[in-house]
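Observations on the three-dimensional arrangement
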Amino acid sequence: MWDDAFPSFLIGLREGLEAGLIVSILVATLVRAGAKSRLPQVWTGVLAAIAMSLSFGAVLTFTAASLSATAQEAFGGTLSVIAVAFVTAMVFWMRRSARSLSGEIKEKVTGALAMGAGMLIVTSFLAVGREGLETALFLWTTARAAGESVGPMIGAGIGLVIAAGLCWGLYRRVLKINLTKFFTATGVVLIVIAAGVLGYGLRDLQEGGVLPGKTAFAFDLSQSIDPSAWYTTLVQGVFNLMPAMTWLQVFGYVAYLAVVMTLFVRGVRTAAKPVPAPRAPGAKAAAAQSTEAKSAEAESAEVKPAEGESSEEQAESAPEPQPAPEPQKEAAPAAAAPAAAAPVAATTGRKRPAWVLPVVVVAVPAVVAGGIVAFGKSKPAGAPTIAVSEKECGKGFTAPKTGRQTFQMQNTGDKTSEVYLVDPTSNAVYGEIEGLAPGTTRDLVAPIAGGSYAWRCVPTGGKAVTSAAVRVSGGGGAKAVVPVSEEDLAGPLRAYKKYVDAGLATLTDQTQRLSDDLAGGDLDAARTDWLTAHRTYSSLGAAYGTFQDFDKKINGRADGLPGGVHDKDFSGFHRIEYGLWHGASADELTGPAERLHGDVMGLRKAFPTQDFDPGDLPLRTHEILENTLQFELTGDTDGGSGSNLATADANLTGTRELLDVLRPLITKRDPQLLTTIDGDIARLQKLLDAAHHGDAWTPVEKLDATTRQRLNGVTGQLLEHLAPVPDLLEIRKSA
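Here we summarise the structure given alongside this text. Note that the coordinates shown come from a computational prediction; the quantities given were computed from them, not determined experimentally. (Residues numbered from 1 in each chain as written. Predicted model: local features only at pLDDT ≥ 70, side-chain atom pairs only at ≥ 80, totals over all residues. Heavy atoms only, no water.)

As a further point, take the pairing of strand 5 (residues 417–422). Most of strand 5 is tucked away: six of the six residues are buried. By the bridge criterion, six bridges tie strand 5 to strand 8 (residues 451–459) in an arrangement that is antiparallel. Each bridged residue has a counterpart across the sheet, and for valine 419 the counterpart in strand 8 is cysteine 457. (Buried < 20%, exposed > 50% of the residue type's maximum accessible area, 1.4 Å probe, protein only. Helix = DSSP H or I, 4+ residues; strand = E, 2+ residues; numbered from the N terminus. Pairing = 2+ DSSP bridges.)

The following block contains the structure:
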């Protein structure tokens, strides 16, 4: 998350500082002109700009969400390229305009004062609005590139808060910042980040079919590097460089970086060269000296937006032949404005409440954005409406075109239903909606290729109804999932229950041996037999959900107990582990060992009659190692034995056994997935074996940082590849 936050932090800091400097100059100019009463108009314009920026971000988000996957890629890629163009222009503009920004803003504000309240609002709105739109667009693209919004939003928020603090300090003259150096340094970093965003945008355009070369990879390091290592996530988050990039991405990245960075650095060097002032007599010489003084002031570390109130005014007026009248000229428009406004006020009657205008400027962008989102989510052109009910299932369905299609599924019946787009010959599912309530309509997006298609409606408490099939001509093949029924899982369930039953029989003998060790006072043998028994229990992970209260008795932890490890209800393997490795006597542990053996015998007797949901089998393929990553590889459950990696090894054994009984079903649906999973398991097993030395295991906390990182990375990658299994083998009513 934090690696994704850095680019947004930088854009929030830089854009926030730019907008803050503009607001500071606006405020300082009004205060200097004696027009403090006009400050609410400035804040109204600023508020309107913020509302417009937030509304713009909302429109981008909801517009993308309403598109098909291919259109989303094209839309996101286009906006990424536009964002890069905006950021590039912003970097060069700020480098060029940093010195003259104050004077330009003051000139506009002075003109706006003479033209009335509306122009002052417009001036502040336009000045801040541009920064806000740039920020919204770039944050949207960076969040999309990161694949999550929390990190980028946190980064942007921190950057904006810091920028606000810096601007306050500059205005109050408690900070000194060389803005020229600041914008130059951040400009260099932003150019590098923008190059990565450009590469990501080009990839999106390739995925969306806008640009060619989608499969022409310049390099693919995804099998050679650890995807969850800190350096991988850092490079991906900050620079948007991926382990696999196409030739177009690489060319765009390198070309942008080479051209833009060269021009930027060349411009910085040119601006840094001192320009000798020509010698001139009299007033010209004084003017030249004043110009040099202004330039030096802009370059120095004493850039203060609020200096317009005193020192900056003196610096600007010092070289003039008659400095005294100058403030009068600037104040004149401000003084004239109230006078001109007086007759108008007299004829308009009641004065408008002060809160009306701020509410309007905030409400208008929000209402406009809401309208765009609401009306923009109407069904796509040509999207057919398909009826879902027992009597009208599939009504309105005609042969669709090939490609990714959107269907409007409308429940015209009186029961909540599930609906599936299926191949009627194989029952393969191309798309589905669960829990479609009566009278509601939802989108179903599915890939269409040559073949047969039909709708299958399954109302709650009713029988499945299949519509008439339609034939679509064309090539290619749309990926579908062959549904799984309870009958399909019945065989794997019987095989796994047999495995668990055999494991419980072995566990019963092992806990009896552990109890005998402690009864005989042999603590060394007890430690060895404890580890053997605990590993056996840990290899039965898929059955934890069916062990009911026995799991808490046999393998419960002290967390949450009032007395902690000394609580009377703390029992099982972890109670004995704590005692064996914290100096407890054999007599103290004999009782807990006998109780453990009794609970294991009770579980073995109760297991055949316990309810085991067949849908749990696919789910546990992911859950077992998820717990391993959370509790064992962190050392969180270690009670002193240092055997977390031994437990992780047993968990992997249980996962492998579970995959073996499900292998025929997975192979039929996605054979390549199993090949990938098997490779991940082999890599994880190799790392665990390296930590196993005879009867001893290396404690997690004693692993070096690199090994621990690789262990976490490989486990995380295996979990990522196991994640599709529950959905692939989900029991569907369409089967």
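Past the structure itself, the notes keep going.
This part covers the packing of helix 14 (residues 486–519) against helix 17 (residues 573–580). Here helix 14 crosses helix 17 at 35°, and the two axes come no closer than 13 Å. Read as a crossing pair, helix 14 and helix 17 show a hand that is left-handed. Between helix 14, through Leu507, Thr511, Leu514 and Leu518, and helix 17, the contact on the second element is made entirely by Phe573, Ile576 and Leu580. Class assignment of the residues belonging to the contact of helix 14 with helix 17 gives a composition of six nonpolar, one polar and no charged. (Axes fitted to C-alpha atoms, helices over the stretch in contact; angles between N-to-C directions. Left-handed = near helix turned anticlockwise from the far one by under 90°. Contact = heavy atoms within 4.5 Å. Nonpolar A, V, L, I, M, F, W, Y, C, P; charged D, E, K, R; others polar.)

Time to look at the packing of aromatic side chains. How two aromatic rings sit relative to each other is given by the distance of their centres and the angle of their planes. Within the structure shown, the criterion is met by eleven aromatic pairs. A ring pair is formed by phenylalanine 397 and phenylalanine 407, whose centres lie 6.1 Å apart and whose planes are at 75°; its orientation type is edge-to-face. Here phenylalanine 407 lies in strand 4 (residues 403–411) and phenylalanine 397 lies in the loop between strand 3 (385–388) and strand 4, a separation of ten residues in the sequence. Phenylalanine 407 matches phenylalanine 397 in its accessibility class, with the two residues each being buried. Geometrically, the ring pair formed by tyrosine 537 and phenylalanine 547 is tilted, given 6.0 Å between the ring centres and 40° between the ring planes. Linking tyrosine 537 in helix 15 (residues 523–538) with phenylalanine 547 in the loop between helix 15 and helix 16 (549–555), this pair joins segments that are ten residues apart in sequence. Residue classification places tyrosine 537 among the buried positions, given a relative accessible area of 0%. Members of the aromatic cluster, joined through ring pairs, are Trp530, Tyr537, Phe547, Phe573, Trp581 and Phe607. Sitting above the plane of the phenylalanine 550 ring, lysine 553 keeps its charged end 5.4 Å from the centroid. (Phe/Tyr/Trp six-rings, centres within 6.5 Å; stacked < 30°, edge-to-face > 60°. Lys NZ or Arg CZ within 6 Å of the ring centre and 35° of its normal.)

Another point: the side chain of threonine 246. Structurally, threonine 246 is set in strand 2 (residues 244–246). For threonine 246, a relative accessible area of 0% corresponds to the buried category. Threonine 246 has contacts with Arg203, Gln206, Gly213, Lys214, Ala216, Phe217 and Ala218, leaving out every residue within four places of it along the chain.

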